[in-house]
Amino acid sequence: MSFNPFYILPELILTAGGILVLLAGLSTRKWEAPGKIKPYSPEALALLTLTGALASSLALLWRPEVVKGVSQFGDMIAVDPMAVFFKIVVLACSIFVVFLAADYFQGIRVHRGEFYALLIFATLAASFLSAATDLIMIYLSLEFLSITSYVLVGWLKQDPRSNEASVKYFLYGAVAAAVMVYGMSIFYGLAATTDIAAIHSKLVSYPPDGSPTHIIFLGLLMMMVGFGFKISMAPFHQWAPDTYEGAPTPVTAFLSVASKAAGFAVVLRVLVSVFTPGVVDWTPMIVALSGLTMTVGNLTALPQCNIKRMLAYSSIAQAGYLLLGVAALRLSPLALPAVMLYLFIYLFMNMGAFAVVTMVSARLNSDDIREYSGLAKRSPASAVAMAIFMLSLAGIPPAAGFVGKFYLFAAALQSGDKTLLYLAILAIANTVISVYYYMNVVRYMYFAKPKSDTPLKPSFAMNMVVGFAAAATIIMLISPEPFIQMAKHSAALLTGTP
Amino acid sequence: MDNYAYIALFAVIGVAFSIFVMLLSWAIRPHRPSKVKLEPYECGEIPFGNAWRQFKVGYYIFALVFVIFDVEAIFIFPWAKELLNFKAKGLGVFAFAEMMIFIAILVVGLIYAWRKGVLKWD
């Protein structure tokens, strides 16, 4: 397949835009406070770049050949509906993050140009990761995403906790990447190629009794360490709470949605395209990891007093629910669309929750859940929106999280597998546990006495962002049909079908 | 598996040979220590103080900026050698433009470092 710049237009726009933002950042004064978003400011340029990339990703969907899938750069990346879907999720998340960062960095002395440039480069890495079809490309884009994230996490140079978060993230990431590369080397050793389609055809070519199943399983397990680190899957989740707490809140939001979505993209692609039935049966492994992840996440979220820490454990638990869908991938055709639909809903509900957290922490300078006391009086609109996001994350009907969970559990039940049935029951029990800590925030907002009555005034942009996320969360519950259709159409891969 | 056996053999012989050479030189060398000989080697300078002291961070930043252009050179040498072959295949403009884009991206790095005052040695 010959090279066509149209297929990588989103990435080209991000590269050029990232460099422009970097240069624009040089001309703004070092410690200048952002205030309003001016044209030519790093914020405006970053928004323009990300919106352009989002538009060109959407334009890809209208090309008939993309629906079948196109391969670029000698099978390094695939331009197929799944890749485009994850690009859209990642880009939408980054657009949210720009708005959050513009609010968060008011009054904080940081370098802004570099922040947005790195954010765009991290987005670029995540978009390559969601399209990578070669072990080298997967490794490079995963490391690209990790390294930019380490720097973004440690952005508050004066804050020791931000530095600590960055170092912890880096140490865990380095070890996870090393183990992952070891796993990849096993597949290179078996197949003498790094292309995942070619590895797959080598793995299925073994005679049934002569297949090196144990080595394949070991290699897969080691690769799952690297992927599990990105999606904060237990037992590779320990970095998440400290990193989420110490990082600037917009960066936390990026890690919990964009980074996680890109990680799920690569997990789905590798599991679906390489480890088809007959190569190795990974369903029991994913079932165990899913059960562990959701239980660990939910039980440790219960006693948290810091809202970012609570949302960190909540995002670990959410990864567990998503893994439930991944576990059902082989047995139910509903599973892949269900995972993608849930990620799409998760994008809006989690970004919305982080938008409110950013708004509150920029004004009260605290992430303590007790600071949310009486938010219903101090900022009624934010409190209503936050209640919607919390309900949605808990999966309670008046918000879209319910639809997402319903489809995930339905996929598990449709598979007809006993262990998946037990896992679905465990997931429902976990959902009930999670209601406690999500509703705890709502309890503080509506029923606790506020420390002061001064109203919090979110900026117009923040109101718009929170309102948009809340509206999207409600709309996806009222009429989920178009979104389910979208997920079903996007659940098509260039290599292999579930 | 046979290929891995060669690697193992290579590793064993490599380690054994180094140990053998070190033992040999230890066995046959004369042993006459003096104060000057036992000092740590610092490029002929007379050592002073402890090695665990603060260094000027500027050294590292200069080294980093140097690495960027070092890598650039590694890419440019083979490209320059092959450019005529590309031209013969009708890919001359393409290959030229690709390298110019690559250099332009690195120049942005230089401009960035320069504007940040990294190149000033105060």
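Quantities reported herein were computed from a predicted structural model and do not represent experimental measurements. (Residues numbered from 1 in each chain as written. Chains lettered and ligands numbered in written order. Predicted model: local features only at pLDDT ≥ 70, side-chain atom pairs only at ≥ 80, totals over all residues.)

Here the focus is the overall build of chain B. Helix and strand counts for chain B come out as four helices and zero strands. For chain B, the sequential pattern of α-helices and β-strands runs α-α-α-α. The C-alpha atoms of chain B give 25 Å as radius of gyration, which overshoots the globular expectation for 122 residues (14 Å, by more than 25%). The dimensions of chain B, computed from C-alpha atoms along their principal axes, are 65 × 55 × 25 Å. Relative to its full complement of 122 residues, chain B shows a buried share of 0%. (Helix = DSSP H or I, 4+ residues; strand = E, 2+ residues; numbered from the N terminus. Rg over C-alpha atoms; globule rule 2.2 N^0.38 Å. Buried ≥ 20, exposed ≤ 12 C-beta atoms within 10 Å, placed from the backbone.)

Each helix and strand counted, chain A has 20 helices and two strands in total. Computed over its C-alpha atoms, the radius of gyration of chain A comes to 22 Å, within 12% of the 23 Å expected for a compact globule of 498 residues. Along the first, second and third principal axes, the C-alpha set of chain A runs to 75 × 50 × 40 Å. Within chain A, the fraction of its 498 residues that count as buried is 58%. For chain A, long-range pairs separated by at least 24 residues make up 82% of all intrachain contacts whose partners lie at least 6 apart in sequence. (Contact = placed C-beta atoms within 7 Å.)

With that settled, consider the interface of chain B and chain A. Counting residues at the interface gives four residues for chain B, matched by four residues for chain A. Of the residues that constitute the side of chain B that touches chain A, the class distribution is three nonpolar, no polar and one charged. (Nonpolar A, V, L, I, M, F, W, Y, C, P; charged D, E, K, R; others polar.)

Residues and elements named next belong to chain A. Tracing the chain through its elements places Ile 88 in helix 4 (residues 81-104). The spatial distance from the C-alpha of Ile 88 to the C-alpha of Pro 235 is 29 Å, given a sequence separation of 147 residues. Beyond its immediate chain neighbours, meaning those up to four positions away, Ile 88 contacts Leu 54, Ser 57 and Leu 58.

This part covers helix 20 (residues 481-490) of chain A. Residue and element names in this part refer to chain A. The complete set of buried residues in helix 20 reads Phe 483, Ala 487 and Ser 490. Looking down the long axis of helix 20, one finds its buried residues gathered within 70 degrees of arc, a one-sided arrangement. For helix 20, the exposed residues lying more than 90 degrees away from the buried face are Glu 481, Pro 482 and Gln 485. On its buried face, helix 20 sits against helix 4, helix 14 (335-364) and helix 19 (460-478). (Arc of directions from axis to C-beta.)

Right, let's get into the confidence of the model for chain A. Mean pLDDT over chain A works out to 90, with 96% of the residues at or above the 70 mark. By mean pLDDT, the top-scoring element of chain A is helix 6 (residues 135-153) of chain A (96), and the lowest-scoring one is helix 3 (residues 64-68) of chain A (83). (pLDDT = per-residue confidence, 0-100.)

With that settled, consider the packing of helix 4 of chain A against helix 19 of chain A. When two helices pack together, their arrangement is captured by the angle between the axes and the distance separating the axes. Residue and element names in this part refer to chain A. Between helix 4 and helix 19, the shortest axis-to-axis distance is 10 Å and the interhelical angle comes to 145 degrees. Relative to helix 19, helix 4 is oriented so that their crossing is left-handed. Listed contacts from helix 19 to Phe 96, Phe 99, Ala 102 and Asp 103 of helix 4 are Ala 461, Met 462 and Val 465. (Axes fitted to C-alpha atoms, helices over the stretch in contact; angles between N-to-C directions. Left-handed = near helix turned anticlockwise from the far one by under 90°.)

Residue and element names in this part refer to chain A. On the secondary structure map, Arg 63 appears in the loop between helix 2 (42-60) and helix 3. By the C-beta count within 10 Å, which is 15 here, Arg 63 ends up partly exposed. Considered as a pair, Arg 63 and Pro 380 are 317 residues apart in the sequence and their alpha carbons are 45 Å apart.

Before going further, it helps to spend a moment on unusual backbone geometry. Residue and element names in this part refer to chain A. Geometrically, the link from Ala 234 to Pro 235 is a cis peptide bond, its omega value of 0 degrees lying close to zero. Within the secondary structure layout, Pro 235 lies in the loop between helix 9 (213-230) and helix 10 (239-246). With a phi angle near 50 degrees, Ser 232 is a residue other than glycine that sits in the positive phi range. With respect to the element layout, Ser 232 can be found in the loop between helix 9 and helix 10.

All names here are of chain A. Contact pair helix 7 (residues 160-191) / helix 9: the axes reach a minimum separation of 7 Å and the direction vectors enclose 150 degrees. Relative to helix 9, the element helix 7 lies roughly antiparallel. For the element pair helix 7 and helix 9, the recorded crossing hand is left-handed. Contact residues: helix 7 offers Tyr 172, Gly 173, Ala 176, Ala 177, Val 179, Met 180, Tyr 182, Gly 183, Met 184, Ile 186 and Phe 187, while helix 9 offers Ile 215, Leu 218, Gly 219, Leu 220, Met 222, Met 223, Val 225, Gly 226 and Phe 229. (Parallel < 35°, antiparallel > 145°, perpendicular 65-115°, else oblique.)

Time to look at the nonpolar core. All names here are of chain A. Val 89, Cys 93, Phe 96, Leu 129, Val 339, Leu 343 and Ala 355 are the most contacted members of the largest nonpolar core, which has 195 residues in total. Element by element, the count of residues in this core is highest for helix 14, at 23 residues. Leu 129 has contacts with Ile 138, Ser 141, Leu 142, Leu 145, Ala 262, Ala 265 and Val 266, leaving out every residue within four places of it along the chain. (Core = buried A, V, L, I, M, F, W, Y, C linked by C-beta atoms within 7 Å.)

Residue and element names in this part refer to chain A. A large share of helix 10 lies buried, amounting to seven of its eight residues. Taken as a whole, helix 10 has its buried residues at Trp 239, Ala 240, Pro 241, Thr 243, Tyr 244, Glu 245 and Gly 246. The elements touched by buried residues of helix 10 are helix 6, helix 7, helix 11 (249-273) and helix 13 (307-327).

This brings us to the confidence of the model for chain B. Of all residues in chain B, 97% attain a pLDDT of 70 or more, and the chain-wide mean is 85. Reported confidences for the modelled complex are a pTM of 0.88 and an ipTM of 0.71.

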